[in-house]
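What the coordinates show
In case you want the letters, here they are:
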Amino acid sequence: QVHLVESGGGLAQTGGSLRLSCAASGLTFRAESMGWFRQTPGKEREFVAVISSSGRSTAYSDSVNGRFTVSRDNAKKTSSLQMNNLKPEDTGVYYCAASGTMGWRKTQPIEYDYWGQGTQVTVSS
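Being a predicted model, the structure only gives us computed values, none of them experimental.

**Comments concerning the environment of T101**
With respect to the element layout, T101 can be found in the loop between β9 (92–99) and β10 (114–115). For T101 and Y112, which are 11 residues apart along the polypeptide, the C-alpha to C-alpha distance reads 8.4 Å. Residues within four places of T101 in sequence aside, it is in contact with K106, E111 and D113. A distance of 2.9 Å separates a polar atom in the side chain of T101 from a polar atom in the side chain of S99.

Quick look at the structure:
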């Protein structure tokens with residue numbers, strides 16, 4: 001199976017940038033679509049972005065579209081989320097997730113098999 005570890009979270013100012021990374025282990029990495037979600041206490045986990053196993057297809061939530069870019073490097077077994085023009089509402093714990101089931105465009109947490117521990121992102125006003 002796939003094991004995921006996020007890194008790169010921290011504090012940023014409004015309008016700033018952060019780059020999150022997700023390191024994966026497991027030989028099935030290339031067969032997995034990779035998703036990014038975020039969550040604040042008391043709220044449901046929110047879809048952010050997803051990228052297909054080949055990296056050729058991506059999808060984003062309306063709230064981050066045009067500001068965030070998801071990518072992956074299958075040789076390094078990593079996925080990255082470049083976050084630009086950050087806003088305070090981007091604050092939350094960000095999780096990467098992986099799914100080996102058919103269909104790449106997965107926007108619901110239940111569709112994913114593996115999750116990282118999460119990394120905190122805080123955007124100040």
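**Let's talk about the nonpolar core**
Grouped together as the largest cluster of nonpolar side chains are 24 residues, with contacts concentrated most on L4, W36, V48, F68, L81, M83 and Y94. Mapped onto this core, the elements with two or more residues apiece are β3 (18–25), β4 (33–39), β5 (46–51), β7 (68–73), β8 (78–83), β9 and β11 (119–124). Element by element, the count of residues in this core is highest for β3, at 4 residues. Not counting chain neighbours up to four residues away, the residues in contact with Y94 comprise E6, L20, F37, R38, V48, F68, L81, M83, G118, T119 and V121. One finds F47, V50, A59 and Y112 within the second-largest nonpolar core, a separate group that totals 6 residues.

**Brief notes about the pattern of salt bridges**
Should the charged atoms of two oppositely charged side chains come close, the side chains can pair. Under the counting rule described, the total for this entry stands at 3 salt bridges. A salt bridge links R67 to D90; the shortest N-O distance between them is 2.8 Å. Taken together, the positions of R67 in the loop between β6 (58–60) and β7 and D90 in the loop between β8 and β9 put the pair 23 residues apart, joining distant regions of the chain. Taken together, the salt bridges that share partners define one network made up of R38, E46, R67 and D90.

Thresholds, definitions, all that
Residues numbered from 1 in each chain as written. Predicted model: local features only at pLDDT ≥ 70, side-chain atom pairs only at ≥ 80, totals over all residues. Heavy atoms only, no water. Helix = DSSP H or I, 4+ residues; strand = E, 2+ residues; numbered from the N terminus. Contact = heavy atoms within 4.5 Å. Polar contact = N/O pair within 3.5 Å; in protein donor to acceptor, adjacent residues only side chain to side chain. Core = buried A, V, L, I, M, F, W, Y, C linked by side-chain atoms within 4.5 Å. Buried < 20%, exposed > 50% of the residue type's maximum accessible area, 1.4 Å probe, protein only. Salt bridge = Lys/Arg side-chain N within 4 Å of Asp/Glu carboxyl O.

This is a description of form; function is not addressed.
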